[in-house]
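Secondary and tertiary structure notes
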Amino acid sequence: MLGLSLGVEYISSVLRLTPLDIAGDDLALWLQFNTGITSNESDEVSKWDDQSGNSRHATQGIDANKATESNGALDFEKDNSDHYDLASTITIAENQGFCLAIVMDQETVSNNIILSKDAGDQVGIINTNRFRLKTDVNTTTTTNFHVPGEFDTGKMLILLNRSAGASNRFTMFKNGVQLTFDTDNSLNEAEGENPFGFDINVLGMRGDDAHFFDGKILELAFWERSLTTQEIVDVNYYLKDIHGL
């Protein structure tokens with residue numbers, strides 16, 4: 001069985017499966033690197049097409065709030081309030097699993113919100129030590145994943161996976177390596193702490209015009225269920241290979 005498992009991992013990695021190949025039926029959003037980007041002569045991006053097949057395109061009609069295309073990525077400036085609205089909302093119910101994978105290159109690290117709907121529904125990096133999920137379906141719950149020093153500036157791949165069920169568990173990977181959450185502090189860090197639901201329909205800010213992302217987003221994929229161990233291996237391999245991590 002060990003040999004078979006390693007063989008499956010090796011074969012899928014060599015083939016470099018894309019997010020559509022990996023649980024494509026449950027892929028809710030895929031903003032693919034250097035693909036489907038509409039920009040003007042000043043490289044201001046008005047639209048980033050969703051490649052998942054769900055047409056959740058990220059759009060911005062105000063020039064002052066548009067990120068700039070930078071070698072296939074979108075460069076968000078916090079001072080310019082750069083952000084995008086998704087064409088439709090992704091809804092995660094209570095006890096539902098999900099997976100977020102993002103390749104980003106932060107310029108500063110302070111309340112860098114990646115996805116949100118409003119102040120109660122948000123996913124993002126709070127500082128170099130904390131990645132945050134905030135949910136407000138049924139109850140407002142904040143979970144801070146505390147891993148000191150892991151969320152600094154620079155290019156990195158972060159994958160957050162939540163298993164389904166009331167006793168859900170979170171796992172997080174940075175550049176393909178699983179991180180260990182530090183629970184020995186005063187923050188809300190327990191792995192099974194947050195099974196609650198949330199909505200997301202904004203990219204690059206908290207949905208109440210606050211806490212804007214600062215840096216480059218190279219690629220983002222979001223699944224409406226948790227991924228299996230092998231699927232996580234495949235996602236990490238694909239994104240690490242594409243982005244040289």
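Below, the structure is looked at part by part. One numbering rule holds for all chains: residues counted from 1, following each sequence as written. Totals for whole chains, interfaces and linings use all residues, but because this is a predicted model, local features are given only for residues with pLDDT of at least 70 and pairs of side-chain atoms are given and counted only at 80 or more. Side-chain measures were taken over the full set of non-hydrogen atoms in the model, leaving aside hydrogen atoms and water.

Let's shift gears to the overall build of the chain. Under the DSSP-based scheme used, a helix requires at least four consecutive residues in state H or I and a strand at least two consecutive residues in state E, with every element numbered from the N terminus. A count of helical and extended segments in the chain gives 2 helices and 17 strands. A principal-axis box enclosing the C-alpha atoms of the chain has dimensions of 55 × 45 × 30 Å. The contact definition used throughout considers only heavy atoms, calling two residues in contact when any of these lie within 4.5 Å. In the chain, 66% of the contacts between residues at least 6 apart in sequence involve partners at least 24 apart. Surface accessibility follows the Shrake-Rupley procedure with a 1.4 Å probe radius. Residue values consider only the protein chains on display as shielding. Summed over its atoms, the accessible surface of the chain is roughly 10100 Å², and 44% of this surface lies on carbon and sulfur atoms. The distance from the centre of the 17 positive side-chain charges to the centre of the 38 negative ones in the chain is 3 Å. By the counting rule applied here, Lys and Arg register as positive and Asp and Glu as negative, while His and the ends of each chain are not counted. The location of each charge is read from NZ of Lys, CZ of Arg, CG of Asp or CD of Glu.

Two aromatic rings from Phe, Tyr or Trp, using only the six-membered ring of Trp, form a pair when their centres are within 6.5 Å; if the ring planes differ by under 30 degrees the pair is stacked, by over 60 it is edge-to-face, and anything between is tilted. Evaluation of the coordinates by the stated rule reveals 8 aromatic pairs. Taken together, a centroid distance of 6.5 Å and an interplanar angle of 75° make the contact between Trp30 and Tyr238 edge-to-face. Placement of Trp30 in strand E1 (residues 27–31) and of Tyr238 in helix H2 (residues 229–243) is noted, with a sequence separation of 208 residues between them. By the burial criterion, Trp30 is buried, and Tyr238 matches it. Measuring from ring centre to ring centre gives 5.0 Å for Phe145 and Phe181, while their planes differ by 45°; the resulting arrangement is tilted. Of the two residues, Phe145 is situated in strand E12 (residues 141–146) and Phe181 in the loop between strand E15 (177–178) and strand E16 (198–203); the sequence distance between them amounts to 36 residues. Residues Phe145 and Phe181 agree in their burial class; the two are buried. The classification of residues rests on relative accessible area computed with a 1.4 Å probe and restricted to protein chains. Under 20% of the type maximum is buried, over 50% is exposed, and intermediate values are partly exposed.

Criterion for a salt bridge: a side-chain nitrogen of Lys or Arg within 4 Å of a carboxyl oxygen of Asp or Glu. Within the structure shown, the criterion is met by 9 salt bridges. As a salt-bridge pair, Asp241 and Arg16 come within 3.0 Å of each other at their nearest N and O atoms. Taken together, the positions of Asp241 in helix H2 and Arg16 in the loop between helix H1 (2–15) and E1 put the pair 225 residues apart, joining distant regions of the chain. Take Asp241: its relative accessible area is 37%, and that puts it in the partly exposed class. Among the salt bridges present, the one from Lys117 reaches Asp199, with a minimum N-O distance of 3.8 Å. With a gap of 82 residues between them, Lys117 in strand E9 (residues 112–118) and Asp199 in strand E16 connect regions that are remote in the sequence. Through salt bridges with shared partners, one network takes in Asp26, Arg225 and Glu231.

Among the 9 residues in strand E8 (residues 98–106), 8 count as buried, and that is most of the element. Should DSSP find at least two bridges between two strands, the strands are regarded as paired. Relative to strand E13 (residues 154–162), E8 is paired through 9 bridges, and the arrangement is antiparallel. Looking across to E13, one finds that Val103 is bridged to Leu157. Pairing of E8 with strand E17 (residues 215–223) involves 8 bridges; the strand directions are antiparallel. Looking at the pairing, Ile102 lines up with Leu220 of E17.

This paragraph deals with the side chain of Thr143. Within the secondary structure layout, Thr143 lies in strand E12. Overall, the relative accessible area of 0% leaves Thr143 in the buried class. At 3.3 Å, the side chain of Thr143 and the side chain of Asn194 are in polar contact. Whenever two N or O atoms come within 3.5 Å, that pair is a polar contact, provided that in protein one can donate a hydrogen and the other can accept it, and provided that, for residues adjacent in sequence, both atoms are side-chain atoms.

This brings us to unusual backbone geometry. The backbone of Asn34 shows a phi angle near 55°, a positive value even though the residue is not glycine. With respect to the element layout, Asn34 can be found in the loop between E1 and strand E2 (37–39). With a relative accessible area of 48%, Asn34 lands in the partly exposed category. In this structure, Asp43 takes a positive phi of about 65° despite not being glycine. As for its placement among the helices and strands, Asp43 is situated in the loop between E2 and strand E3 (45–48). For Asp43, a relative accessible area of 36% translates into the label partly exposed.

Here we come to the sheet that holds E16. Taken in spatial order, the 9 strands line up as E2-E3-E4-E7-E16-E9-E10-E11-E12 in an open sheet, and their pairing is antiparallel. The open sheet has two free edges, formed respectively by E2 and E12, since each of these has just one partner strand. Where strand E4 (residues 58–59) meets strand E7 (residues 84–92), 2 bridges bridge the pair, whose relative direction is antiparallel. Among the inter-strand pairings, Thr59 is bridged to a residue of E7, identified as Asp85.

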